[in-house]
Amino acid sequence: MVRSGRIHRLVKEAAAFGTRTGPVTLDWDTVVRRQHAIVRELQPPAAAFEKSGAKVYLGEARFVDAHMVQADGQRVHGDKIVIAAGSEPVVPPVPGRELAITSDDVLFLPRFPESLVLVGGGVIGLEMAGAFSDLGARVTVIVREAEILPALDGDVSAYIRTILEGRGVSFHLGVTLERLSGERGVVTAHVRKDGAPLAVTAQQVCLAVGRRYNPRRAGTDAIGLETGQLGLQVDAHLRTSLPHVYAAGDAAGNQQLTPTAAYEGRIAALNALRGDVQTVDYAVVPQTIFTTPEVARVGLTHAEALRRGVKCHVAGHDLAGASNGRATGEDGGWLKLVFDGATEKVLGVQMVSWAAAELIQLAALAIRTGADAQLLSSQLSIHPSHGERLIKIFGHDAHEVCEPE
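The structure reproduced in this document is the subject of the present report. Treat the numbers as computed from the prediction; the structure is a model and nothing was measured.

Below, the discussion takes up the pattern of salt bridges. This structure, assessed with the given rule, holds 13 salt bridges. Among the salt bridges present, the one from Glu13 reaches Arg9, with a minimum N-O distance of 3.3 Å. Judged by relative accessible area, Arg9 falls into the buried class, the value being 7%. Here the salt bridges do not stand alone but share partners, grouping Arg9, Glu13 and Asp134 into one network.

Attention now moves to the sheet that holds strand β2 (residues 68–71). Across the sheet, 3 strands lie side by side as β1-β2-β3; this open sheet has antiparallel pairing. Two strands bound the open sheet, and with one partner strand each, they are β1 (61–65) and β3 (74–77). Going across the sheet, the axis of each strand differs from the next one's by a mean of 35°, ignoring polarity.

As a further point, take the pairing of strand β19 (residues 334–340). When you tally the buried positions in β19, you get 6 out of 7 residues, the bulk of the element. With 7 bridges connecting them, strand β18 (residues 312–318) and β19 associate as antiparallel partners. When the sheet's bridge partners are listed, Asp318 is paired in β19 with Trp334. Inspection of the sheet shows β19 paired to strand β20 (residues 346–353) by 6 bridges, in the antiparallel sense. Bridge pairing in β20 places Leu335 opposite Met351. From the end of β19 to the start of β20, which pair antiparallel, there are 5 residues, and Glu344 there has a positive phi angle of about 60°.

A word on the packing of helix α10 (residues 356–369) against helix α12 (residues 387–394). Two numbers describe how α10 lies on α12: the axes approach to 10 Å, and their chain directions differ by 25°. By the angle class used here, α10 and α12 are roughly parallel. The chirality of how α10 crosses α12 is right-handed. In contact with Leu359, Leu362, Ala363 and Ala366 of α10, α12 contributes Gly387, Leu390, Ile391 and Phe394. Residue composition of the contact of α10 with α12, by class: 7 nonpolar, 1 polar and no charged.

The next point concerns unusual backbone geometry. The general pattern is negative phi for most residues beyond glycine and trans for most peptide bonds. Here Thr292 and Pro293 are connected by a cis peptide whose omega angle stands at 0°. Secondary-structure assignment places Pro293 in the loop between β16 (287–289) and β17 (294–299). Positive phi outside glycine occurs at Glu344, with the angle close to 60°. Counting through the fold element by element, Glu344 comes out in the loop between β19 and β20. For Glu344, a relative accessible area of 21% puts it in the partly exposed group.

Analysis parameters
Residues numbered from 1 in each chain as written. Predicted model: local features only at pLDDT ≥ 70, side-chain atom pairs only at ≥ 80, totals over all residues. Heavy atoms only, no water. Salt bridge = Lys/Arg side-chain N within 4 Å of Asp/Glu carboxyl O. Buried < 20%, exposed > 50% of the residue type's maximum accessible area, 1.4 Å probe, protein only. Pairing = 2+ DSSP bridges. Helix = DSSP H or I, 4+ residues; strand = E, 2+ residues; numbered from the N terminus. Axes fitted to C-alpha atoms, helices over the stretch in contact; angles between N-to-C directions. Parallel < 35°, antiparallel > 145°, perpendicular 65-115°, else oblique. Left-handed = near helix turned anticlockwise from the far one by under 90°. Contact = heavy atoms within 4.5 Å. Nonpolar A, V, L, I, M, F, W, Y, C, P; charged D, E, K, R; others polar.

The structure is reproduced here in structure tokens:
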């Protein structure tokens with residue numbers, strides 16, 4: 001979806017690079033068909049697992065008791081069980097919620113919405129805002145918090161919001177959704193900001209306030225498994241409140257990321273088979289938000305470092321005017337690094353960049369290996385490239401010294 005939006009926008013901007021096109025129109029059916037095709041291609045068939053010796057049952061699975069699962073009309077016993085059942089969109093209990101769609105629905109809509117209201121300023125809402133805006137929709141984002149992406153430092157969040165606003169996305173920050181009214185195709189979101197009512201109408205209103213594991217779907221509530229904020233309660237071995245049952249991915253509720261789910265799946269299966277031989281380690285987990293440009297983080301934010309009492313140095317750098325950005329038309333961006341005040345080792349990196357998904361992995365290695373700023377900045381870099389600014393800022397002299405609160 002994001003790639004389709006980016007290409008649509010680039011074609012409209014092609015004349016600036018010397019390529020002249022006719023009127024640019026959107027073929028939404030092709031966008032959706034392509035998405036379905038790629039999902040089918042990337043989804044491993046049951047035969048791939050059966051070749052490894054696993055028996056596969058395709059169907060809704062529910063616990064009969066703590067050791068028995070029913071699936072595809074058959075009951076399967078397990079001495080050990082791993083739950084990796086994913087999550088579902090959270091639907092807030094507001095009047096008229098049946099008029100809205102969820103983040104699952106918005107990816108495969110039968111008709112392209114000329115106008116779209118997204119409720120939620122987190123990862124899902126921001127990714128969809130960028131994609132649909134690039135495709136030509138009028139997008140409005142309703143955010144309960146004072147700023148989008150509250151897991152990031154405020155200056156980083158404000159930077160990407162400003163870019164999206166420049167692309168035509170409207171934001172209402174610090175507002176509360178009270179109800180939805182209207183009918184399918186013409187839905188009004190009624191919100192309240194600073195005590196005053198505000199109404200926003202669009203063809204579609206999408207609830208994108210997060211995802212949560214549903215314990216009723218697989219019947220894990222019936223066997224007494226304890227739940228946490230987003231998923232099942234698990235320990236460092238991914239063991240649930242029943243000692244023979246483990247959980248991984250969104251079902252475990254630790255970090256809702258695809259690579260984390262794969263990592264947890266391996267550890268949960270290993271511990272179930274061999275007896276709790278490995279614990280999870282989330283010390284260095286890179287994360288990317290696929291906006292346009294992308295946003296990424298790894299390690300501690302500035303705010304988190306201060307809350308932990310860390311005396312840190314901070315380096316911030318605006319990427320506007322960089323030679324690579326000017327040449328490619330992908331100008332702008334923001335880098336923010338947090339260093340240990342005593343050792344000058346990197347503690348955390350946040351960035352807004354057209355190459356953030358790639359660059360953040362370099363930053364993750366820097367944190368994991370414990371390399372200091374001088375060593376990192378002495379590495380020769382490719383010119384022009386997005387990465388050269390990151391390498392230079394590793395050794396940036398003008399660090400702001402920040403005392404812990």
